[in-house]
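Here's the letter readout for the chains.
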Amino acid sequence: MIKIRCGHKARLALTTDQGEALEAQAHAARALWNMLHEWWTMVGENRRVDLRDADAAIRQARKDMDFLAVLPAQAAQAVLKTYFRAWRNCWAGRADEPTFKSRIRSVMSVDVPQGQHLNIARVHRRWGMANLPKIGRVRFRWTKDLPVGKRANAENRITGARLIKDALGWHIAFRVQTLEAEPEAHTGPEVGVDVGVTVPLALSDGNHQGHGRPARTEDGTADRDKWLNAKEKTKLLRLERRAAQRKQHRKPGERTSHRLHRTYDQIRGLRARATRRHQDWQHKTTTALAQRYGTVVVEALTITNMTRSAKGTVEEPGANVAQKSGLNRAIAQEAWGRTVTMLAYKLAWRGGTLVRVPAPGTSQRCSKCGFTTPGNREDQATFVCKSPGCGWSGNADYNAARNIVHLHRIGHVVEVPAAGRAVVRRARRVKPTTER
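Where an unreviewed UniProt entry is consulted, the protein appears under the name Putative transposase, with the organism given as Nocardiopsis sinuspersici.

Next up, the structure:
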């Protein structure tokens, strides 16, 4: 038996007063984070190890400041723990340094660290209720059976929750801990997966996974809103024009009007709806792949480097800046990293394995004869081997997927340590291709 910790996100149905109270708590949590950040930069290094001074300061601040008093005590303690954990991740090389949280750009959230205080109960086939500190009983959408009531015990329970506000409203993310039997080794076949823009997931066995939404419009330009239907695209275009028109009338230094804020909220709502549809497709597709295949091989891509701007500098301006900008948006819209993350934990739940192989050369190498040259890939979708004795042709993404699984079979894998750069290694028992 093994312990599995996962999360479940559900939509909250709040009243007007409950929504305002939650917003006040979220703003107080953000202000407390900024105060901790100022304290951290001011005190000496010898006082940073012991957080008792910060804990005492937080307790006193909640007594002296009314806007901090609306934040529950446990939520304030969670802000302190999260901030210190952020620094530990920075020291370990897993993240950047914590920074100041802006009112506009930061995500509004409140932590509920104690799961037993939620008192979750299912009141309807589609609705459940939970108790939030200083808020009261709230309803949330019941879309998954949770370990509550008679199903809850020391091993199967909800350990906490986090309240998050996005463009679609407030949501609650439960932290669920369950005790399940260790999965047996998956006996399914192995497959190589090449991620792309035109073909989202190209598989080495030809079972490509697409979402049925063309990457380009009728005029040949990249479709940045392909997850919206025609009516929603028209509405989005109208809102963007309205926002641009209202922004022109705003003077420099003048506060943004409420009308412009409402227009921005409507735009964010449409963008969030498109993201939800994409995530739904990713979850369904990765679940199907994890159920069918025992070993999934992907490329170890550095997406941040791939999506860097080609603008250049004043002295050395870049070339094809507009084309590169469109490609960067298309790559970001496909969310390759999120797809790989979903595959990793879903394969682990079913006894499968996710393997990463080095990415260089997979799109230029012929999967049939092994001849490698940049001219093999004639365009984005066509691959024609230039070797005189081969001449194999086919889809470029399918060819790359076959090369990816070939790298795994000959022993080329990538080890990704907790901190630092990825390291390519070859198993000792496997000889290089030149010695075979």
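Visitor: Whenever I open this one, the sheet that holds strand β7 (residues 169–180) confuses me. Can you help?
Guide: What holds strands together in a sheet is hydrogen bonding between their backbones, with the strands either parallel or antiparallel. The strand order across the open sheet formed by seven strands is β2-β6-β7-β1-β5-β4-β3, and the pairing between neighbours is antiparallel. A single partner strand is all that each edge strand has here, and the edge strands are β2 (108–112) and β3 (121–122). Pairing analysis gives six bridges linking strand β4 (residues 127–132) to strand β5 (residues 136–141), with the strands arranged antiparallel. Looking at β5, one finds that Trp127 is bridged to Arg141.

Visitor: Would you mind going over the packing of helix α2 (residues 52–64) against helix α4 (residues 73–91) with me for this structure?
Guide: When two helices pack together, their arrangement is given by the angle between the helix axes and the distance between those axes. At their nearest, the axes of α2 and α4 sit 11 Å apart, and the two run at 140 degrees to each other. Judged by the twist between their axes, the crossing of α2 over α4 is right-handed. Contacts from Ala54, Asp55, Ile58, Arg59 and Arg62 in α2 reach Ala73, Ala76, Gln77 and Leu80 in α4. Looking at the contact of α2 with α4, its residues break down into five nonpolar, one polar and three charged.

Visitor: For this particular structure, what's the right way to read the nonpolar core?
Guide: Ranked by internal contacts, the top residues of the largest apolar core, which has 47 residues, are Ile120, Phe140, Leu163, Ile172 and Phe174. Among residues more than four places away in sequence, those in contact with Ile172 are His8, Lys9, Ala10, Leu12, Leu132, Phe140, Ala161, Arg162 and Leu163. Judged by nonpolar contacts, the second largest core, of 29 residues, contains Leu203, Ile267, Val298 and Leu343.

Visitor: Could you clarify how one ought to interpret the domain arrangement of the protein in this entry?
Guide: It is common to give the size of an interface as the accessible area lost on bringing the parts into contact. Per the domain assignment, the segments making up the protein are domain 1 (1–182) and domain 2 (185–222 + 286–424). A straight line from the C-alpha centre of domain 1 to that of domain 2 covers 36 Å.

Visitor: Got a minute to help me understand the UniProt feature "domain: Cas12f1-like TNB" (unreviewed entry) in the protein in this structure?
Guide: The UniProt record annotates "domain: Cas12f1-like TNB" (unreviewed entry) at residues 336–404. Overall, residues 336–404 shows 33% helix and 16% strand. The separation of its end C-alpha atoms is 16 Å.

Here is what the cut-offs are and how they apply
Residues numbered from 1 in each chain as written. Predicted model: local features only at pLDDT ≥ 70, side-chain atom pairs only at ≥ 80, totals over all residues. Heavy atoms only, no water. Pairing = 2+ DSSP bridges. Helix = DSSP H or I, 4+ residues; strand = E, 2+ residues; numbered from the N terminus. Axes fitted to C-alpha atoms, helices over the stretch in contact; angles between N-to-C directions. Left-handed = near helix turned anticlockwise from the far one by under 90°. Contact = heavy atoms within 4.5 Å. Nonpolar A, V, L, I, M, F, W, Y, C, P; charged D, E, K, R; others polar. Core = buried A, V, L, I, M, F, W, Y, C linked by side-chain atoms within 4.5 Å. Buried < 20%, exposed > 50% of the residue type's maximum accessible area, 1.4 Å probe, protein only. Domains from an automatic or database assignment. UniProt positions renumbered as here; feature names shortened; annotations may be inferred.

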